[in-house]
Every structure is written in C-alpha cells, then in structure tokens.
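Structural overview
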Amino acid sequence: MRAVIPYKKAGAKSRLSPVLNLQEREEFVELMLNQVISSLKGAGIEKVDILSPSVYGLEEMTEARVLLDEKDLNEALNRYLKEAEEPVLIVMADLPLLSTEHIKEISSTEKDVCIVPGKGGGTNALFIKNPSKYRVKYYGSSFLTHCSIATDSGQGFEIYDSFMAGTDIDEPEDLVELLIHGKGAAKDYIESKFRLEVKRGRVGLVSL
C-alpha cells in the first residue's frame, strides 16, 4: 500500500487571499502538507509520493518521494493509478484535521474503494484497492462522480463520512474550524496571526 498527495505550492490557496498574502499562503500549505505526511507515516504508511507539476517548495523534501507531472490533475493521477501495483490512498494536502486514526479506518475498509467526501461535493481522500481498475475525476461534484465510477466499474465502495477528514482548508471560514478543532504546526501558524471572536452568535477570525 502506498499514498499519493497531489500538491502545488506556487500561488496556492488563492481563496485565502483576503486574509493571507502569497508568502503566507505558500508557507501555510507547506505546513499542511508536512502534517498530512506525518499523519500517513503515523498510520504505518511508509511509501508516500507527492505528485506535483513543479519541484518548487519540494527541493528539500525527504519524507516522501517527489514525482513531477505537469499534466492536468486527473490525467496525472490516472496515469499514477494505471502504473500502481498495490492499493493506493489518494489524499489531498490541505487536510490538517486528518488524523492517523482516520487514515487507519479509511484504509481498513472491506470494500474495493473508500471515498471521503469533502465540502461542497468534493473528494478529500480515496482508498483504492485495485488502482488499475479505477480512474479519478476531480473538480465539480467529484464525490458523486467517484461513487458512480466505482459502481460502473463493478467495485463496491464505502463512504467515510467524517467532519474532521471532510474539512479541507480553502476559504477563510475554514481557518475557524482549524483553530477550533486542530492541532500541530498548521494550527500554530494560523494561531500566530488570528484569534477567534464571536459576533452575532457566529465565530469568526480577527487579525492579531
């Protein structure tokens, strides 16, 4: 079994630009990536690959193998799956609330595929026992698409529904969830820049 993390540091997380500048966003995504790798290693997954269009930000990476592919995300991942000879866990790099326990539970599914939904119909993780028989199609409502792909290819699938595993960090309001529920370097970084404040019954961010 191995894990693969799609990753792009350059210009990352533009939807966080109202609260973080480019340098801060790039620093933040690197911290999230390292935290995801640490969670994977803690779950006993030693073979971790990073699939990236550029080596930028990965020049000193030693905890995972860096694979460069300038193709579209789906094309790059489907090529990776086609060549894989063992079960593959695809996990996004922006999941700082993902724990080792989540990963162990996802990868211990009795089904052929385990699908972890993200916010807004996305897919945060996919565990695929027979990767050469599966293809991915991210963007849009990828969660429903990935369910259909499993069914159409005759593979049974399980949905791993978890608030923590389902919280990817894309929007400023997602940082609120990180500050409330998170731990580790990614949370510490955001905590050094913001505090939580309740206004009109809602929790929001306030710059320090």
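Everything that follows concerns the structure shown earlier in this document.
Attention here is on the structure that accompanies the text. (Residues numbered from 1 in each chain as written. Predicted model: local features only at pLDDT ≥ 70, side-chain atom pairs only at ≥ 80, totals over all residues. Heavy atoms only, no water.)

Let us now look at the sheet that holds strand 7 (residues 157–159). Spatially, 3-2-1-4-6-5-7 is the arrangement adopted by the seven strands of the open sheet, whose pairing is mixed. Each of the sheet's edge strands pairs with one partner strand only, and the pair in question is strand 3 (65–68) and strand 7. Within this sheet the neighbouring strands show an average axis-to-axis angle of 20 degrees, counted without direction. Inspection of the sheet shows strand 1 (residues 2–6) paired to strand 4 (residues 88–91) by three bridges, in the parallel sense. The partner of A3 across the bridge, within strand 4, is L89. (Pairing = 2+ DSSP bridges. Helix = DSSP H or I, 4+ residues; strand = E, 2+ residues; numbered from the N terminus. Axes fitted to C-alpha atoms, helices over the stretch in contact; angles between N-to-C directions.)

So, about the environment of E85. Mapped onto the elements, E85 comes out in the loop between helix 2 (73–83) and strand 4. What makes E85 exposed here is its relative accessible area of 80%. Through-space distance from the C-alpha of E85 to that of P131 is 7.7 Å; in sequence the pair is 46 residues apart. (Buried < 20%, exposed > 50% of the residue type's maximum accessible area, 1.4 Å probe, protein only.)

This part takes up the pairing of strand 5 (residues 113–117). Counting buried residues in strand 5 gives five out of five residues, a clear majority hidden from the surface. Residues V113, I115 and P117 of strand 5 are buried on one face, and the alternating residues C114 and V116, pointing to the opposite face, are buried as well. Between the antiparallel neighbours strand 5 and strand 6 (residues 123–128) lie five residues, among them G120 with a positive phi of about 65 degrees. As defined by bridge partners, strand 5 adjoins strand 7 across three bridges and the pair is classed as parallel. What sits directly across from V113, in strand 7, is F157.

Further remarks concern the packing of aromatic side chains. Using the criterion set out here, one finds one aromatic pair in the structure. When the ring of F28 is compared with that of Y189, the centres are 6.2 Å apart and the planes differ by 15 degrees; the resulting orientation is stacked. Taken as a pair, F28 in helix 1 (residues 22–42) and Y189 in helix 6 (residues 185–191) lie far apart in primary sequence, 161 residues in all. Owing to a relative accessible area of 0%, F28 belongs among the buried residues under this scheme. (Phe/Tyr/Trp six-rings, centres within 6.5 Å; stacked < 30°, edge-to-face > 60°.)

Let's shift gears to helix 2. Listed as buried for helix 2 are N74, A76, L77, Y80 and L81. Projected down its long axis, helix 2 shows its buried positions confined to an angular sector of 165 degrees, all on one face. Summarising the geometry of helix 2, the exposed residues directed more than 90 degrees from the buried face are K82 and E83. Here the buried face of helix 2 lies against strand 1, strand 2 (48–52), strand 3, strand 4 and strand 6. Of the residues flanking the start of helix 2, the one acting as N-cap is D72, its side-chain oxygen 2.9 Å from the backbone nitrogen of N74. (Arc of directions from axis to C-beta. Contact = heavy atoms within 4.5 Å. Polar contact = N/O pair within 3.5 Å; in protein donor to acceptor, adjacent residues only side chain to side chain.)

A few words on the state of the cysteines. Such a bond, covalent and formed between the sulfur atoms of two cysteines, is termed a disulfide. Here the structure, examined in full by the defined rule, presents zero disulfides. With no disulfide of its own, C114 lies 10 Å from the sulfur of C147, the closest cysteine sulfur. Given the relative accessible area of 11%, C147 is considered buried. (Disulfide = S-S within 2.5 Å.)

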